[in-house]
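Single-letter residue listing:
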Amino acid sequence: QSDPQDGNIDAENRSNPAYSLAGQAFVTLATTDSYCMGATVVGKSLRRHGTTRSIAVMVTPNVSEQSRLALENVFDEVITVDVMDSEDRLHLSLLGRPELGVTFTKIHCWTLTQYSKCVFLDADTLVLCNVDELFERDELSAAPDPGWPDCFNSGVFVFRPSLRTHASILDHALRHGSFDGGDQGLLNSFFSSWPLEDISKHLSFVYNLSGSSFYSYLPAFQQFGHNAKIVHFLGAMKPWSSGGQKGDSHSHIMERFVSLWWKEYLSHSTSSSPPGEQFGQDSEKA
Ligand code: UDP
Ligand code: MN
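Residues numbered from 1 in each chain as written. Chains lettered and ligands numbered in written order. Predicted model: local features only at pLDDT ≥ 70, side-chain atom pairs only at ≥ 80, totals over all residues. Heavy atoms only, no water.

## What to know about the coordination of the manganese ion (ligand 2)
(1) Moving on: The manganese ion (ligand 2) binds to the protein through D122 (OD), D124 (OD), D124 (OD) and H232 (NE2); the donor distances cover 2.2 to 2.3 Å.
(2) Moving on: Of note is the manganese ion (ligand 2), whose six donor atoms meet at the metal with angles of 57 to 172° in an arrangement that counts as irregular.
(3) Moving on: Within one chain, the residues serving as donors to the manganese ion (ligand 2) are arranged as D-x1-D-x107-H. Each member of the pair, D122 as well as D124, carries the same accessibility label: buried. (Donors = N, O, S within 2.8 Å, 3.2 Å for Na, K, Ca; no water. Tetrahedral: all angles 85-135°; square planar, octahedral: opposite > 155°, others 65-115°. Buried < 20%, exposed > 50% of the residue type's maximum accessible area, 1.4 Å probe, protein only.)

Here is the structure:
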């Protein structure tokens, strides 16, 4: 039972906490069967840690029936999105920029107006504890990117679905493109006030912890890595890709995260874990 005074509820929804919880969702995206493996783990790990919010996944029509069924077992909503259907102007521009297809599919999350507020999670993330407190943040909240900390990393972000915002972002994309060819460049140039305007929109790095910090700042990784709340397996090697991150990771912390990913992927139960099985207190070590 939510206490309307506990700060968990948005001001406009304080009078109706039940509506507020139902109107909020974690959202992920998978356009291929392998990214569906990742999305499954995102959903299962959110469930394991007892989220009170809805969980939704956007898929493209090409994903197999089998992958879709697996997602339907975990998610409240499996939403088929076909970016080519949305706008003729967009269609035309995509013909010349096929690499922007996945980017525009991610931007589609702003059309999920059945929800008032959402947290987007890349399909290559793993949730390690309950992170429902992210819904206390407003659009656009995200953690710094390890490669250029004045940019946010677009693997984890808080947003408000809105058709108007969606149209503005698409318009921005068609006018200015994306400086990195992907959604992160586009979103950073659209939400350009992020680095300086409002510190409450800066999420702690532990909500989007990537292995690259192991290489760039090892002592900090060793000091704070165990506080991780969401791990992001960014880069070309995903936990599910052949060869995996297992062999080429030099960090035993990252190795633990990869084996935790597999444990979650292979688990049959999506029920909440007893507290002792939370990451960090788990005595089992592969
Ligand atoms: N994605 C997808 N299919 C693809 C590539 C990306 O569904 O072929 C989605 C997926 O949710 C993924 C996100 O877009 O997590 C961003 O891509 P990725 O995580 O591979 O980028 P990185 O975080 O490594 O920069
Ligand atoms: Mn990612």
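So much for the structure itself; the text now carries on.
## Side note on the site of ligand 1
(1) Moving on: Around ligand 1, the neighbouring residues are L29, A30, T31, Y35, V102, D122, A123, D124, H232, L234, G235 and K238.
(2) Moving on: One nitrogen or oxygen atom from the side chain of Y35 is found 2.5 Å from an oxygen atom belonging to ligand 1.
(3) Moving on: A123 places a polar main-chain atom, nitrogen or oxygen, 3.0 Å from an oxygen atom of ligand 1.
(4) Moving on: Looking at the shell around ligand 1 residue by residue, the class counts come to six nonpolar, three polar and three charged. (Near = heavy atom within 4 Å. Polar contact = N/O pair within 3.5 Å; in protein donor to acceptor, adjacent residues only side chain to side chain. Nonpolar A, V, L, I, M, F, W, Y, C, P; charged D, E, K, R; others polar.)

## Quick look at the sheet that holds strand 5 (residues 125-127)
(1) Moving on: Taken together, the three strands give an open sheet; going across it, the order is 5-9-8, and neighbouring strands pair in mixed fashion. Of all the strands in the sheet, just strand 5 and strand 8 (209-210) have a single pairing partner and so form its edges.
(2) Moving on: With three bridges joining them, strand 5 and strand 9 (residues 230-232) adopt antiparallel strand pairing. Within the sheet, the bridge partner assigned to L126 lies in strand 9 and is V231.
(3) Moving on: Here helix 11 (residues 252-266) sits on the sheet and contacts strand 5, strand 8 and strand 9; the angle it forms with strand 5, its principal contact strand, is near 80°. (Pairing = 2+ DSSP bridges. Helix = DSSP H or I, 4+ residues; strand = E, 2+ residues; numbered from the N terminus. Contact = heavy atoms within 4.5 Å. Axes fitted to C-alpha atoms, helices over the stretch in contact; angles between N-to-C directions.)

## Things to note about helix 7 (residues 163-176)
(1) Moving on: Counted at 1.5 Å a residue, the expected span for helix 7 with its 14 residues is 20 Å, and the 20 Å between its end C-alpha atoms agrees.
(2) Moving on: Those residues of helix 7 lying buried are T165, H166, I169, L170, H172 and A173. The buried residues of helix 7 occupy an angular sector of 155° when projected down its axis, which confines them to one face. Summarising the geometry of helix 7, the exposed residues directed more than 90 degrees from the buried face are L163, R164 and R175.
(3) Moving on: Of the residues that open helix 7, the one with a side-chain oxygen 3.3 Å from the backbone nitrogen of R164 is S162. (Expected span 1.5 Å × (residues − 1). Arc of directions from axis to C-beta.)

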